[in-house]
Amino acid sequence: TKALNFSNHSRWIYSVAFSGDGKLSASCSSGDKFVLVWDTATGTGLRVLDFEETGLIWPLAVVLSWSGDWILFARVRNGDHKTAYLNLFGPSSQEFSSCFKPGVRLDIFCFTINVSQDRLHGEILCGSDSDGYQTHEWALSGSDIEIRKVPTALTEGFVSEMRQASQGSREL
């Protein structure tokens, strides 16, 4: 097994994701305004996904579709931890973006990306201990990323399981 070297980032790595077959990975750092896509087997950088941004940003998460064709990246701007900016990168240099304001502090942010029957969609779990947690669904509709809140009791159950796992009291 070869260790990946993420030295192309200027600061500490905040999020790493892998494609379903493990052939590709994507990474983002707290000091960069881009996502790097890597060949996992060789450690070679394959693609740099930039976005225009001014000021300091904090990455929240990056995720790849199973095939690695689609990459979803979320970040917040310094000082505004209640607004997420989403960038969806696809094959052939396709890019879509959206501003997401769930109304809670975004201390926790995780999401999924699914491609099914030519439909691109997923889920978002976000929030904080102080503001509570929310679940949302997102979908690419034309050139827009549409996001809607999903009322569910599963959100609190998921957060509770994650807390227990992080405290070492239970394995997921």
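Nothing here was measured: the structure is a model prediction, and the numbers come from that model.

Analysis parameters
- Residues numbered from 1 in each chain as written.
- Predicted model: local features only at pLDDT ≥ 70, side-chain atom pairs only at ≥ 80, totals over all residues.
- Heavy atoms only, no water.
- Salt bridge = Lys/Arg side-chain N within 4 Å of Asp/Glu carboxyl O.
- Helix = DSSP H or I, 4+ residues; strand = E, 2+ residues; numbered from the N terminus.
- Phe/Tyr/Trp six-rings, centres within 6.5 Å; stacked < 30°, edge-to-face > 60°.
- Buried < 20%, exposed > 50% of the residue type's maximum accessible area, 1.4 Å probe, protein only.
- Polar contact = N/O pair within 3.5 Å; in protein donor to acceptor, adjacent residues only side chain to side chain.

Q: Before we move on, could you go through the pattern of salt bridges and cite the residues and values that matter?
A: For the structure on display, the rule yields three salt bridges. Here aspartate 131 makes a salt bridge to lysine 82, at a shortest N to O gap of 3.7 Å. Taken as a pair, aspartate 131 in the loop between strand S11 (119-128) and strand S12 (132-141) and lysine 82 in strand S7 (residues 80-89) lie far apart in primary sequence, 49 residues in all. Arginine 148 is paired through a salt bridge with glutamate 137; the nearest N and O atoms lie 2.6 Å apart.

Q: I'd love a proper account of the packing of aromatic side chains, names of residues and values included.
A: In this structure the tally under the stated criterion is three aromatic pairs. Ring geometry for phenylalanine 109 and phenylalanine 111: centres 5.4 Å apart, planes at 85°, overall edge-to-face. Across the pair, phenylalanine 111 and phenylalanine 109 agree in class, each one buried. By way of ring pairs, the aromatic residues Phe100, Phe109 and Phe111 are connected into one cluster.

Q: Please provide a residue-by-residue account of the side chain of asparagine 87, values included.
A: Turning to its location among the elements, asparagine 87 is positioned in strand S7. At 2.4 Å, the side chain of asparagine 87 and the side chain of arginine 75 are in polar contact.

Keep in mind these values describe shape, not function.
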